[in-house]
Amino acid sequence: MSQEQSGIEVSVVSGLSGAGRSTAAKCLEDLGWFVVDNLPPELISTMVELGARSSGAITRVAVVMDVRSRAFTEDLGSVIKDLDARGYKPKVLFLEATDDVLIRRFEQVRRGHPLQGEGRLADGIAAERSLLSRLRAEADLVVDTTGLSVHQLRSKIEDAFGTEATTRTRVTVLSFGYKYGLPMDADLVMDCRFLPNPFWIPELREFNGLDDEVSNYVLGQEGAEEFLQNYQQLLRLVGAGYHREGKRYLTLALGCTGGKHRSVALVTELAKRLAEEEGMTTQTVHRDLGRE
């Protein structure tokens with residue numbers, strides 16, 4: 001039975017403590033997975049069954065497991081076999097790193113290893129590595145995070161578990177009026193007040209940037225097209241950098257005096273152009289439109 005037949009996709013994330021499970025879990029959440037951390041093994045099948053009956057509300061479930069769960073290896077191994085027999089075909093991701101790197105990571109956060117007990121940190125790592133050896137051997141994907149940055153690990157997770165839609169940068173293009181204050185959630189802010197204000201043209205004053213009369217006027221002004229082209233080129237550069245750094249949400253704010261004419265027209269046109277860019281999805285928000 002495929003995912004389409006079962007209605008749900010299942011992944012199990014495990015590996016050595018300190019190897020990056022938390023980063024992997026956060027990345028999967030950003031990719032649209034329903035993530036459960038350290039669920040008792042005996043409850044995994046029940047949760048997957050409930051997800052499969054959610055009428056499409058849950059389609060991708062990721063279970064993050066570690067040695068804190070009692071009888072970890074035996075219970076988890078049987079659960080994976082049970083899910084496989086039910087047709088869910090779970091994909092197992094195993095994260096690991098070298099001993100010296102794991103020791104350095106634990107020392108940096110001043111935490112003990114869950115299997116360390118009264119012994120040394122290296123003893124706990126060795127015990128865990130031995131305990132998980134069978135699970136590692138049966139994993140579908142093993143990722144060694146020894147030389148990986150957080151952003152590089154996220155990239156590997158996205159390649160393995162993402163789709164074209166979930167790895168796109170989601171861009172919100174927002175218009176606002178300076179008289180009402182700067183938007184606090186903006187990543188980049190541009191000032192549109194270098195263009196003539198339609199407010200001072202009586203026949204345009206009562207319209208807004210969504211109306212053709214105002215839009216044609218604003219976009220036809222000297223400098224408007226050059227601004228859009230250059231800003232779009234800048235955003236290609238910035239967007240590519242954000243993507244490499246794992247940033248998937250970007251808010252662009254364009255402001256004019258009242259947030260009614262110039263910024264609205266430019267935001268609408270810019271969002272339309274950005275929607276045609278590879279790797280981006282856009283939405284428009286006109287924060288102050290209608291406040292006057």
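Every value quoted in this text rests on a predicted model; they were computed, and no experiment measured them.

Before going further, it helps to examine helix 5 (residues 99-109). Turning to helix 5, its buried residues are Val-101, Leu-102 and Phe-106. For helix 5, the angular spread of buried residues about the axis comes to 135 degrees, placing them on one side. More than 90 degrees from the buried face of helix 5, the exposed residues found are Glu-107 and Gln-108. Looking at the packing, one finds that the buried side of helix 5 touches helix 6 (121-131). Positive phi shows up at Arg-110, right after helix 5, with a value of about 55 degrees.

Domains assigned within the protein are domain 1 (9-165) and domain 2 (169-286). On a C-alpha basis, the centroid separation for the pair domain 1 and domain 2 is 42 Å. Each partner contributes to the interface: domain 1 provides four residues, whereas domain 2 provides six residues. Carbon and sulfur atoms make up 30% of the area that domain 1 and domain 2 hide from each other, which totals about 420 Å². When the area that domain 1 buries against domain 2 is broken down by residue, the three leading residues are Asp-30, His-151 and Glu-158, summing to 78%. The interface formed by domain 1 and domain 2 contains zero salt bridges. Taken together, the links from domain 1 to domain 2 amount to one residue pair in polar contact (both at pLDDT 80 or more). It is helix 8 (residues 150-161) that contributes the most residues to the side of domain 1 that touches domain 2, three residues altogether. Grouping the constituent residues of the side of domain 1 that touches domain 2 by class yields no nonpolar, one polar and three charged.

What counts and how
Residues numbered from 1 in each chain as written. Predicted model: local features only at pLDDT ≥ 70, side-chain atom pairs only at ≥ 80, totals over all residues. Heavy atoms only, no water. Buried < 20%, exposed > 50% of the residue type's maximum accessible area, 1.4 Å probe, protein only. Helix = DSSP H or I, 4+ residues; strand = E, 2+ residues; numbered from the N terminus. Arc of directions from axis to C-beta. Contact = heavy atoms within 4.5 Å. Domains from an automatic or database assignment. Buried area = accessible area lost by both parts, 1.4 Å probe. Salt bridge = Lys/Arg side-chain N within 4 Å of Asp/Glu carboxyl O. Polar contact = N/O pair within 3.5 Å; in protein donor to acceptor, adjacent residues only side chain to side chain. Nonpolar A, V, L, I, M, F, W, Y, C, P; charged D, E, K, R; others polar.

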